Amino acid sequence: MSVERDDEYSKFMPNKLAYHVVPGADFQCKLAHQNSRKLSTIDEQDYEQANRRGMRNQVLATCAVLLLSAGCGMPIGFSAVLLPQLSDGNTTEIPIDVDTGSWIASVHSLATPFGSLLSGPLADYLGRRKTLLVSVIPLFLGWSTLATAKSVKIMIFARFLCGFATGILGGPGQVYIAETAEPNLRSLLIGAPYVAYSCGILLVYSLGSIMYWRNVAWCANVLPFLAVVSIYCIPETPSWLLRNGHEKKALQALTFLRGSEISAQKEVNDMKQRLDKERDTTKTNENIFRLCCQRVAIKPLVIVIVFSLLQMFSGTFIVIFYAIDIVSEFGADFDSKQAAIWTAAVRVVCCMIFCAILIFVRRRRIMILSGIGSGVFCLALSGFMYARMGHPKMSYDLLVAGGCLLGYIVFNTALMVMPGIMIGELFPARIRGRTAGGVFASMNVALFIFAKGFPALQSLLKMRGVFLVFGFSSFLLTIFMCLFQPETKGRSLEHIEDYFNGNNWLWFRRDRGYKTVKLLPLQPLKENAAESA
């Protein structure tokens, strides 16, 4: 009986009590600190891996665009390969004269504005990525038609198709890189298309020195084919996807580009907030012209257009077109093919160095130094020409002229690359695609007119007077950019848009908060997770 009672009692009161030692507060804090350090180390490692993965994917996406940019750079320099071979007395396959040759060379620039005007609506309707794929179609047709051409008319039509494709590519290519790259990588990547253009020119010059022009045309289809395969594997820009109601795809694209879904979700949330705010203040029936008249759009438009005009009058492209003719005025005796290859090689190296400089040096400082350097070398060359006027040619004339031209090319490369960078960075998101195409079209029309009128300007002012105009235009460009161009290095596209939405036009009258804002480092994944929670 007692045993049953003890069993019943043990249900409520155990016979043996278990004891355990509770550590003191200091020991608990120390243990918690060690655990937190382990978790922090793991989170930091995950963050670093995600950051490296995102940077790698952004570079790969840019490289896909660069393949197409190099492919579109080849027809720019193809006339330098084609015309000498057609003019060679040893071949009568397609006879040409001087006037016909000028049309074959210039029709590419004449066709580019038509493609640029079409690229804006295509980029906003189809998307940046699909527009890049569309540009490959006329490029394929142009090169294939050119390789099989039997008459001058077919040849001119083929050159028109290649120029049309180049025009379609220009704006969407810059916008794609600007919208997919992080601010700290955008400095490097957004100038890379000009390196690709220069590489395409160098490639076609090199092929033309060892191959027949028809074979060069067939080989030029390789880069567009590789570009199609590469672009097919990269995502559309998250900004365009979000604006067109594809939030899930935007998150997927941003996860690929940033390497982390948590960071991508945070960025998508910020983009959605800005988009909702923008739609609340924008009428749905406003057309592109009314949108461009708003201060957030009219300011960058004025800056880009004035800069482009002053850049042309500073001789950026004219010196490239006529570099060999300029040097030949000093009695130089050289192989024209080798001179063209070396000119293109110098341009490639300068573009690559400039893209590397963009990572470390501010945009305003680069443009001011480039404008001053270009002006100094132009005035030095003009002054030397005036000083040597009426004197017999000496051996050092070529050395001095070549040195001044080389210095001009080194400093002026930045001015050649900057319009594309400005188009990708300064324009507001709602009109970026259409405005980029229109501005590229206007720039190409102005360049075509200026290039056509240059021989008349040269005959009126002589080469020494032309370089005097180039020098003063470079200094005017420097003054204009010093007054109006904002600093964009390390700034997000949204931050730049907020700057232009202010009341100021002049840089020195800006909100001082813009100057002090720096690009904040990305927070580790654990902090982002805490914020999202």
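Residues numbered from 1 in each chain as written. Predicted model: local features only at pLDDT ≥ 70, side-chain atom pairs only at ≥ 80, totals over all residues. Heavy atoms only, no water.

Engineer: Please explain the overall build of the protein as it appears in this structure.
Structural biologist: Each helix and strand in the protein was counted, giving 22 helices and 0 strands. The burial tally for the protein puts 49% of its 533 residues in the buried class. Considering only contacts in the protein between residues 6 or more positions apart, those separated by 24 or more positions represent 82%. (Helix = DSSP H or I, 4+ residues; strand = E, 2+ residues; numbered from the N terminus. Buried < 20%, exposed > 50% of the residue type's maximum accessible area, 1.4 Å probe, protein only. Contact = heavy atoms within 4.5 Å.)

Engineer: It is not clear to me how the side chain of Arg491 should be interpreted in this structure. Could you clarify?
Structural biologist: The residue Arg491 is located in the loop between helix H19 (432-484) and helix H20 (493-500) in this model. No salt bridge is formed by the buried Arg491, whose closest oppositely charged neighbour, Glu487, lies at an N-O distance of 6.0 Å. A polar atom in the side chain of Arg491 sits 3.1 Å from the backbone oxygen of Lys489. (Lys, Arg positive; Asp, Glu negative; His and termini not counted. Salt bridge = Lys/Arg side-chain N within 4 Å of Asp/Glu carboxyl O. Polar contact = N/O pair within 3.5 Å; in protein donor to acceptor, adjacent residues only side chain to side chain.)

Engineer: So what exactly am I meant to see when it comes to the packing of helix H4 (residues 128-147) against helix H9 (residues 222-232) here?
Structural biologist: Any two packed helices are characterised by the angle at which their axes cross and by the distance between the axes. Here H4 crosses H9 at 165 degrees, and the two axes come no closer than 10 Å. It follows that H4 is roughly antiparallel to H9 by the angle criterion. Where H4 crosses over H9, the handedness of that crossing is left-handed. Of the residues in H9, those touching H4 at Arg129, Leu132, Leu133, Val136, Leu139 and Phe140 are Pro224, Phe225, Val228, Ile231 and Tyr232. Taken together, the residues of the contact of H4 with H9 sort by class into 10 nonpolar, no polar and 1 charged. (Axes fitted to C-alpha atoms, helices over the stretch in contact; angles between N-to-C directions. Parallel < 35°, antiparallel > 145°, perpendicular 65-115°, else oblique. Left-handed = near helix turned anticlockwise from the far one by under 90°. Nonpolar A, V, L, I, M, F, W, Y, C, P; charged D, E, K, R; others polar.)

Engineer: Would you take a moment to explain the nonpolar core for this structure?
Structural biologist: One broad rule of soluble globular proteins: the nonpolar side chains tend to lie buried together. Ranked by internal contacts, the top residues of the largest apolar core, which has 114 residues, are Leu68, Phe78, Trp143, Met155 and Phe467. Broken down by element, this core gets its largest block of residues, 15 residues, from H19. Each of domain 1 (45-234) and domain 2 (292-507) contributes no fewer than three residues to this core. Beyond its immediate sequence surroundings of up to four residues, Trp143 is in contact with Gly71, Met74, Pro75, Phe78, Cys162, Ala217, Ala220 and Asn221. Core analysis: the next-biggest nonpolar cluster, separate from the first, contains 11 residues, Ala250, Leu251, Leu254 and Leu275 among them. (Core = buried A, V, L, I, M, F, W, Y, C linked by side-chain atoms within 4.5 Å. Domains from an automatic or database assignment.)

Engineer: What should I look at first to understand the confidence of the model for the protein in this one?
Structural biologist: When pLDDT is low, close inspection of the predicted coordinates is not appropriate. With 81% of its residues at a pLDDT of 70 or more, the protein has an overall mean of 79. When pLDDT is averaged over each element of the protein, H9 comes out on top at 94 and helix H22 (residues 525-532) at the bottom at 40. This stretch, residues 38-42, has a pLDDT under 50; its non-local contacts, to residues over four places away or in other chains, come to 1 contact. Predicted confidence is poor over residues 515-533, with pLDDT under 50, and the contacts of this stretch with residues over four places away or in other chains come to 25 contacts. (pLDDT = per-residue confidence, 0-100.)

Engineer: Looking at this structure, I do not really get the packing of helix H14 (residues 295-313) against H19. What am I missing?
Structural biologist: Relative orientation of the contacting elements H14 and H19 amounts to 25 degrees, with a least axis distance of 5 Å. It follows from the interaxial angle that H14 and H19 lie roughly parallel. For H14 against H19, the interelement crossing comes out right-handed. Here the contact of H14 with H19 is built from residues that sort into 22 nonpolar, 4 polar and no charged.

Engineer: Help me understand the packing of aromatic side chains in this model?
Structural biologist: The relative placement of two aromatic rings is captured by the distance of their centres and the angle of their planes. Taken as a whole and judged by the stated rule, the model has 8 aromatic pairs. Look at Phe114 and Phe160: their rings are 6.1 Å apart centre to centre, the planes differ by 45 degrees, and that puts the pair in the tilted class. Separated by 46 residues along the polypeptide, Phe114 in helix H3 (residues 98-125) and Phe160 in helix H5 (residues 152-180) bring together distant segments of the chain. On the basis of relative accessible area, Phe160 is assigned to the partly exposed category, the value being 28%. (Phe/Tyr/Trp six-rings, centres within 6.5 Å; stacked < 30°, edge-to-face > 60°.)

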